[in-house]
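Single-letter residue listing:
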Amino acid sequence: MEGDSLRLEEVTFRHRMSDPSRLKPWRTRPGPGVHSITLSLRPGEILGLVGPNGAGKTTLLRTIAGVLPIQNGKLMLTSSAKETQLDSDSLRNIVGHMPEQVRWQGRQSVEDALLELAEMRGASAKRVNGLLRLVGLGQRATAHLSDLSQGMRQRLTLAAALLGSPKFLLLDEPLNGLDPVAATAFVQLLHELKSKGVSIIISSHQVEGLEAITDRIALMHRGQLLANGTLAEIADSLELQPSIVVAGPGKLPDLAWCKHRVESESAQDTWTIRLEHSGVGLLPEFIERGIEVHSWNPKSPGIVELLCAATGMNIEEVGLEIASTAMLPHKSIGGEEE
Amino acid sequence: MSDVLRIQSLARRVFWDRIGSTRMLIMLPILVLFLPGMAWGFSDPNIVLPGGHQPDQPMEVMFYASLGVVFGATMCGVLLAFDGVSRDRASGVFELRLAQPMPRTHQAIALMLGMWQAIFIPVAVLSLASVAIIRWRLGEWASVWDVMIHLTATALILFWYVVFTLLASSRTKDQGTAIAFGIGMWFLFTFLWALFTTMVAYASGVAIGEQNNAQWIALEGSLDLLSPNGVYHHLLETRLPEIERGVPAWQSWAMAVIWTLIPSSLFVRRMNTLQP
């Protein structure tokens, strides 16, 4: 697809953390953030940014949106004719940013709130009305912001992100708060935008659901990009096997013949097993052996599996670290962390 | 749309948002009580102030009635602007604003102008009503120059308080801390400044509160230049030749410029480095 692509080269932003001493109570030091991110976003591509809480997804999106400065590295805009380095000001002209969970409030009307942002961007009132209809808020244009439901607020935030007809769209946890119908419509809208050449980055802490929407996934942890590519490519590069969860009635059958079994569980009347296998060609074997099967669910690797494989840590370590607020870079950067 | 028009447009939106707010409706009776109410009281022909003084000139009455601005209008300015940045920052709307191509400096200017207009325009209308009340009670109009100086000084003091409050608001993310900052600062300059002046006088060996003591008057006059309320009164005193506190008019106006430029440039600087 023709259009502009965005390339991040060693992009770094680190938040300042309070580090008071007796003589300098205001002292700060570099804290968590994103470190040396190199990534490209092709025209009309949807990239899923995946990672646990505190991985740096939001910080990276804010940096690309021009809201946070780029402390190191550069952002390049590549078109067929030339390549240009972008600063925060020029980024804001071409990027639409949808922050996570904007809590619109007050007596201002929906239309006014959007018009205010439109004026800051130089977009017309006609565009505002069109966008309100596009996100399904045409009938609520005169409603007060405080009267909007969470789903409607999400739609309004999306409309705000689309104001300047951006070439690049950054969506931070966009499906939060949307009902299934709205989520489906939202995904359709993303595909329409994609077909028009808009490149989109969607951040999420869940791989499930993103797979169907995105072309590629970038896996982030501790402010670093661990892997990027299609889910299959990442799983392959991390030597992760696809798995399948099979369940059936009665007692756990004899599965000694099956070499792919990872774990099994049996209750009074049912059994469940997980196999490290894609499932292709396996079902006939179950049928031939007379094993009754109730469910057959192929599973792609989840975020925890991907993280465990990418970091070499076990599930408990990853789980504890996600819960911890002390998110430190995976690699030592500059020695401040020691 | 040019940059200036864009700033004006955003400022106008901030103005309408604030002037139509519930808190403005609550504060309006307070402003009416403090501004025309004080003008009415001080223009009473039978009023006798401490020391047996009876104000009989329109500018003199306006000067005394300016207490309404110091105590009422500035507090209303603080209450109007305390969440000017923090509310949108906490809700996430601020991040959307920062993601727009409009430079942050322009956004800061629009925010200051919009908030300031939201408090100054009602105060200016009520001040003009006060001038009419004084005319009715004393039978004499204040000169155009007196009214101009009064309105300019009032505009400035309200601007200073609004900008201090926005600066405080930009430092906090929760509304409680934002309002505590704003009111604390108002309290410092409105009430605690007298204590500060007294302490400095005591440390300098100057007799405290002696209205005929030249040393005390000079010290109080000088220290008042360091407080927005003090500068406000110095500006009004430029139209009252009978009050002489040893501070020439140019010093008062110079301090007014400094009080305008330093906080507003600090706010612009803060906005340029602010993170959502």
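All chains use their own residue numbering, which begins from 1 and follows the written sequence. Key to labels: chains lettered from A, ligands numbered from 1, both in the order written. Local features are withheld for residues below a pLDDT of 70 in this predicted model, meaning they are given only at 70 or higher, and side-chain atom pairs are given and counted only at 80 or more; totals for whole chains, interfaces and linings count all residues. The side-chain numbers reported here are obtained from all heavy atoms of the structure, hydrogens and water having been left aside.

## Remarks on the overall build of chain A
Here is the rule we go by: Under the scheme used here, helices are H or I runs from DSSP no shorter than 4 residues and strands are E runs no shorter than 2 residues, and both carry numbers assigned from the N terminus. For each residue, the accessible area found with a 1.4 Å probe, counting protein chains only, is set against the maximum for its type, and the residue is called buried under 20%, exposed over 50%, and partly exposed in between. Residue contacts are counted whenever heavy atoms from the two residues lie within 4.5 Å of one another.
Scanning chain A for helices and strands turns up eleven helices and 14 strands. Over its C-alpha atoms, taken along the principal directions, chain A stretches across nearly 70 × 60 × 45 Å. Taking all 338 residues of chain A together, the buried fraction comes to 48%. Across chain A, every contact between residues at least 6 apart in sequence was considered, and the portion connecting residues at least 24 apart equals 68%.

## Some points on helix 1 (residues 57–64) of chain A
Counting buried positions over the eight residues of helix 1 of chain A gives seven, a clear majority of the element. Of all the positions in helix 1 of chain A, only Lys57, Thr59, Leu60, Leu61, Arg62, Thr63 and Ile64 of chain A are classed as buried.

## As for the layout of surface pockets
For clarity, the cut-off: Cavities and pockets were defined on a 1 Å grid built over protein atoms only: a cavity is a set of grid points that admits a 1.4 Å probe from which the probe cannot escape, a pocket is an open set flanked by protein on both sides within 12 Å along at least five of seven lines, and lining residues are those with an atom within 4 Å of any such point. Grid points are joined across faces, edges and corners, and a volume is the space filled by probe spheres set on the points.
Taken as a whole, the second largest pocket encloses approximately 440 Å³ of empty space. Around the second largest pocket, the lining comprises 13 residues; the ones closest to its centre are Phe13, His15, Arg16 and Met17 of chain A together with Gln275 of chain B. Counting residues per element, the ones that place at least two in the lining of the second largest pocket are strand 1 (5–18) and helix 1 of chain A. Of all the elements, strand 1 of chain A adds the most residues to the lining of the second largest pocket, at six residues.

## Thoughts on the interface of chain B and chain A
In many analyses, interface size is given as the accessible surface area lost on bringing the parts together. This is how the line gets drawn: A simple way to read buried area is as the amount of 1.4 Å-probe accessible surface that goes missing from two parts once joined, with both sides added. By convention in these notes, a salt bridge is any Lys or Arg side-chain nitrogen within 4 Å of a carboxyl oxygen on Asp or Glu. Polar contacts, as counted here, are pairs of nitrogen or oxygen atoms within 3.5 Å of one another; within protein the pair requires one atom able to donate a hydrogen and one able to accept it, and residues that are adjacent in sequence qualify only if both atoms are side-chain atoms.
Residue-level contacts link 25 residues of chain B with 25 residues of chain A. Sorting the residues of chain B by area buried against chain A places Arg13, Glu95 and Leu96 of chain B first, and these three jointly supply 26% of that buried surface. One can count four salt bridges joining chain B with chain A. Arg13 of chain B is the partner of Glu119 of chain A in a salt bridge, and the nearest nitrogen-oxygen pair spans 3.0 Å. Counting across the interface, chain B meets chain A through 13 residue pairs in polar contact (both at pLDDT 80 or more). Here the side of chain B that touches chain A takes five residues from helix 7 (residues 93–98) of chain B, the largest share from any one element.

## With respect to the sheet that holds strand 2 (residues 28–41) of chain A
Across a sheet, paired strands are connected by hydrogen bonds in the backbone, their directions being either parallel or antiparallel. Residue and element names in this part refer to chain A. Worth spelling out the cut-off: Here, a strand pair is defined by DSSP locating no fewer than two bridges between the strands. For helices, the fitted line uses only the C-alpha atoms of the stretch in contact; every axis is such a line through C-alpha atoms, and the angle between N-to-C directions lies from 0 to 180 degrees.
The strand order 2-1-4-5 describes an open sheet built from four strands, whose pairing is antiparallel. For this open sheet the edge positions go to strand 2 and strand 5 (83–86), each flanked by a neighbour on one side alone. Averaged over all adjacent pairs, the angle separating strand axes in this sheet is 30 degrees, with direction ignored. As paired strands, strand 1 and strand 4 (residues 72–78) are joined by six bridges and run antiparallel to one another.

## Digging into the pairing of strand 13 (residues 270–275) of chain A
All names here are of chain A. Only one face of strand 13 is covered, namely the one carrying Trp271, Ile273 and Leu275; the face carrying Thr270, Thr272 and Arg274 has none of its residues buried. Inspection of the sheet shows strand 11 (residues 243–249) paired to strand 13 by six bridges, in the antiparallel sense. Residue pairing across strands places Val245 opposite Arg274, the latter belonging to strand 13.

## Notes on the sheet that holds strand 9 (residues 216–221) of chain A
Residue and element names in this part refer to chain A. In space, the six strands of this open sheet follow the order 6-7-8-3-9-10, with mixed pairing throughout. Both edges of this open sheet fall to strand 6 (95–98) and strand 10 (224–229), since each of them pairs with a single strand only. Here the average twist between neighbouring strands, direction ignored, is 15 degrees. With five bridges connecting them, strand 3 (residues 46–50) and strand 8 (residues 199–204) associate as parallel partners. Within strand 8, the position partnered with Leu49 by the bridge is Ser203. Here helix 10 (residues 303–311) sits on the sheet in contact with strand 3, strand 9 and strand 10, set at roughly 65 degrees to strand 9.

## Quick look at the pattern of salt bridges
Any two side chains of opposite charge can pair, given that their charged atoms come close. Scanning the entire structure with this criterion turns up 25 salt bridges over all chains. Between Glu285 of chain A and Arg289 of chain A there is a salt bridge, and its shortest N-O distance comes to 3.9 Å. Here Arg245 of chain B and Glu237 of chain B are joined by a salt bridge, their closest N and O atoms 3.1 Å apart. This pair shows no difference in class: Arg245 of chain B is buried, exactly as Glu237 of chain B is. Where salt bridges share partners, they join Glu116 of chain A together with Asp17, Arg18, Arg23, Asp83, Arg87, Asp88 and Arg97 of chain B into one cluster.

## Some points on empty space enclosed by the protein
Operational definition: Put simply, Ala, Val, Leu, Ile, Met, Phe, Trp, Tyr, Cys and Pro go in the nonpolar bin, Asp, Glu, Lys and Arg in the charged bin, and everything else, Gly too, in the polar bin.
Tallied over the entire structure, the rule returns three cavities of 30 Å³ or more. Considered as a void within the structure, the largest cavity measures approximately 230 Å³ in volume. Elements with a contribution of two residues or more to the lining of the largest cavity: helix 3 (110–121) of chain A together with helix 1 (3–19), helix 6 (86–91), helix 7 and helix 8 (104–138) of chain B. In this structure, the second largest cavity spans a volume of roughly 90 Å³. In terms of lining residues, the second largest cavity is bounded by Glu116 of chain A together with Leu10, Val14, Gly84, Val85, Phe94, Arg97, Gln107, Leu111 and Met271 of chain B. Broken down by secondary-structure element, the contributors of at least two residues to the lining of the second largest cavity are helix 1, helix 7 and helix 8 of chain B. Its residues assigned to classes, the lining of the second largest cavity comprises six nonpolar, two polar and two charged.

## Focus: the nonpolar core
Residue and element names in this part refer to chain B. Formally: Residues grouped as a nonpolar core are buried Ala, Val, Leu, Ile, Met, Phe, Trp, Tyr and Cys residues, joined through side-chain atoms within 4.5 Å.
In terms of nonpolar packing, the biggest core is built from 102 residues, with Leu31, Trp160, Leu166 and Phe267 touching the most fellow members. It is helix 9 (residues 144–171) that contributes the most residues to this core, 15 residues altogether. If we skip the residues at most four places from it in the chain, Trp160 touches Pro228, Val231, Tyr232, Ala256, Trp259 and Thr260.

## Let's talk about the environment of Arg6 of chain B
Within the secondary structure, Arg6 of chain B is located in helix 1. Sequence spacing of Arg6 of chain B and His106 of chain B is 100 residues, and the spatial spacing of their C-alpha atoms is 8.4 Å. Contacts of Arg6 of chain B, omitting those with residues within four sequence positions, involve Glu119, Met120 and Gly122 of chain A together with Met1 and Met102 of chain B.

## Quick notes on the side chain of Arg92 of chain A
By the secondary structure assignment, Arg92 of chain A is in helix 2 (residues 88–94). Side-chain polar atoms of Arg92 of chain A contact the backbone oxygen of Gly66 of chain A, separated by 2.9 Å. Here the side chain of Arg92 of chain A touches Gln100 of chain B through a polar contact of 3.0 Å, landing on its backbone oxygen. Once residues lying within four places of it in the same chain are set aside, the contact partners of Arg92 of chain A are Ala65, Gly66 and Arg121 of chain A together with Leu98, Ala99, Gln100 and Pro101 of chain B.

## Things to note about the confidence of the model for chain B
Detailed reading of the predicted coordinates is not advisable wherever pLDDT is low. All names here are of chain B. The condition that has to hold: What pLDDT reports is the predictor's confidence in each residue, on a scale of 0 through 100.
Looking at chain B as a whole, its pLDDT mean stands at 90, while 99% of the residues score no less than 70. Mean pLDDT values for the elements of chain B range from 83 in helix 11 (residues 214–224) up to 96 in helix 8. What the predictor reports for the complex is a pTM of 0.85 with an ipTM of 0.82.

## Topic: the packing of aromatic side chains
All names here are of chain B. For clarity, the threshold we go by: The pairing test for Phe, Tyr and Trp rings, Trp by its six-membered ring, is centres within 6.5 Å, and the orientation test on the planes gives stacked under 30 degrees, edge-to-face over 60, and tilted for anything in between. In our convention, an over-ring charge means Lys NZ or Arg CZ found within 6 Å of a ring centre and within 35 degrees of that ring's normal.
Inspection of the entire model under this criterion finds 18 aromatic pairs over all chains. Between Tyr161 and Phe164, the ring centres sit 6.0 Å apart and the planes meet at 75 degrees, which makes this aromatic pair edge-to-face. With Tyr161 and Phe164 both in helix 9 and three residues apart, the pair spans about one turn of that helix. For Tyr161, a relative accessible area of 0% gives the class buried. For Phe164, a relative accessible area of 10% translates into the label buried. Taken together, the ring pairs connect Trp160, Tyr161, Phe164, Phe189, Trp193, Phe196 and Trp259 into an aromatic cluster. Positioned above the aromatic ring of Trp40, the side-chain terminus of Arg137 is 3.9 Å from the ring centre.

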